[in-house]
Amino acid sequence: MKVIGLERHLPFYSLVATYYTPNGEAAKMKLTGQELTAFEQDALMRAWPLVHEAVVDPTTEPFAKANGEPAYSYYGKQPEMNELMQKAMSGVSVPFMRSMLDGGYDGFDGVKRLVDVGGSGGDCLRMILRKHPNVLEAINFDLPEVVDKAPAIPGVTHVGGDMFKSIPNADAIFMKWILTTWTDEEVKAILSNCYNALPEGGKLIACEPMLPKDSDDSHRTRALLEGDIFVMTIYRAKGKHRTEEEFKQLGMAVGFSNFRALHSVDYFHTVLEFQK
Ligand SMILES: C[S@@+](CC[C@H](N)C(=O)[O-])C[C@H]1O[C@@H](n2cnc3c(N)ncnc32)[C@H](O)[C@@H]1O
């Protein structure tokens with residue numbers, strides 16, 4: 001199935017994702033209740049009115065200014081919000097992973113040890129393991145306070161740490177919706193730690209929203225640009241959506257020798273492969 005769009009209806013509690021099955025039948029998924037609460041909660045609502053300040057001065061962080069600290073540390077200190085964010089992430093990731101795994105993506109073939117960097121509650125790994133029994137060791141790597149709340153998943157080891165310090169070794173590294181929230185220098189630090197954790201020929205599979213080279217008024221471009229504003233508000237003004245060339249250059253800068261971008265896996269995310 002493919003996500004073809006997000007429709008927002010008032011009141012807020014009826015955000016609907018529309019999917020098409022391979023034979024063209026439309027199916028809908030509703031993001032309601034807990035998932036939406038994460039996006040509508042007070043801390044975020046306080047940040048939205050400050051977005052214009054970040055446009056005028058990119059050093060301003062709306063979320064940090066409104067709430068006294070950046071989003072990840074803010075959520076990490078509040079167990080309820082931490083849990084809610086994991087549920088929200090899961091609500092977005094499960095349909096994406098279904099689309100990736102059922103769509104014939106072959107990047108996990110032959111992988112024995114796989115790490116998901118910033119894997120939140122571990123849903124992506126759970127789904128990858130179900131489809132790829134060749135993966136014998138799966139490590140869900142996230143901040144300690146996040147993995148503390150992650151549910152036990154057969155075959156998955158939760159490891160707490162900081163991707164800016166080091167990343168566990170693996171044949172392949174997976175990450176979804178990670179690079180977008182960081183600056184170019186920070187992305188290079190994350191990619192460099194991935195590079196160091198991989199053997200020769202190993203690969204990083206990163207799934208990120210990607211901006212088209214030229215802007216247009218298509219639904220997809222508008223959704224991607226809207227996502228850019230969302231990142232600017234909820235996470236950091238310094239994070240940003242990037243083009244294929246920008247991702248490629250960041251990977252090459254830390255030593256990856258091969259790069260490819262697969263656009264047909266999902267409507268919103270592109271699958272980026274960086275090979276060592
Ligand atoms: C936008 S969420 C994406 C979650 C998951 N990959 C998904 O797509 O559902 C970003 C994740 O990165 C994690 N993260 C943030 N800073 C991190 C760090 N320094 N080291 C490891 N993980 C981090 C967050 O806790 C969060 O789970």
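Residues numbered from 1 in each chain as written. Predicted model: local features only at pLDDT ≥ 70, side-chain atom pairs only at ≥ 80, totals over all residues. Heavy atoms only, no water.

The name that an unreviewed UniProt entry assigns to the chain is O-methyltransferase C-terminal domain-containing protein, with the source organism given as Linum tenue.

Asker: Go over the pattern of salt bridges with me, naming the residues and quoting the values.
Answerer: Inspection of the entire model under this criterion finds ten salt bridges. We note a salt bridge from Asp184 to Arg242, for which the minimum N-O separation is 2.8 Å. On the criterion of sequence distance, the pair formed by Asp184 in helix H9 (residues 184–197) and Arg242 in strand S9 (residues 242–243) is long-range, its members being 58 residues apart. Classification of Asp184 as partly exposed rests on a relative accessible area of 31%. Taken together, the shared-partner salt bridges connect Asp106, Arg260 and Glu273 into one network. (Salt bridge = Lys/Arg side-chain N within 4 Å of Asp/Glu carboxyl O. Helix = DSSP H or I, 4+ residues; strand = E, 2+ residues; numbered from the N terminus. Buried < 20%, exposed > 50% of the residue type's maximum accessible area, 1.4 Å probe, protein only.)

Asker: Can you explain the site of the ligand? Please cite residues and give values.
Answerer: Taken together, 17 residues sit near the ligand, with Ser93, Gly118, Asp142, Asp162 and Lys176 positioned nearest. Residue Gly118 places a main-chain N or O atom 2.7 Å away from a nitrogen atom belonging to the ligand. Taking Lys176, its main chain carries an N or O atom lying 2.8 Å from a nitrogen atom of the ligand. Taking 590 Å² as the accessible area of the ligand by itself, protein coverage stands at 94%. (Near = heavy atom within 4 Å. Polar contact = N/O pair within 3.5 Å; in protein donor to acceptor, adjacent residues only side chain to side chain. Areas by Shrake-Rupley, 256 points an atom, 1.4 Å probe, with all protein chains shown as cover.)

Asker: Could you give an account of a nonpolar patch on the surface, naming the residues involved and the relevant values?
Answerer: A cluster of nonpolar side chains, contributed by Met45, Trp48 and Ile229, occupies part of the molecular surface with about 240 Å² of accessible area. Locating Ile229 in the fold gives a position in helix H10 (residues 219–235). Classification of Ile229 by relative accessible area gives partly exposed; the value is 41%. (Patch = residues over 30% accessible without salt bridge, like charges linked within 9 Å, V, L, I, M, F, W, Y side chains within 5 Å.)

Asker: Please give an account of the packing of H9 against helix H11 (residues 244–253) that cites residues and values.
Answerer: At a minimum axis separation of 9 Å, H9 and H11 run at an interaxial angle of 55°. When the interaxial angle is binned, H9 and H11 end up oblique. In the packing of H9 onto H11, the handedness of the crossing is right-handed. Judged by residue contacts, Asp184, Val187, Lys188 and Leu191 of H9 engage Leu250, Gly251 and Ala253 from H11. A per-class count over the contact of H9 with H11 returns four nonpolar, one polar and two charged. (Axes fitted to C-alpha atoms, helices over the stretch in contact; angles between N-to-C directions. Parallel < 35°, antiparallel > 145°, perpendicular 65-115°, else oblique. Left-handed = near helix turned anticlockwise from the far one by under 90°. Contact = heavy atoms within 4.5 Å. Nonpolar A, V, L, I, M, F, W, Y, C, P; charged D, E, K, R; others polar.)

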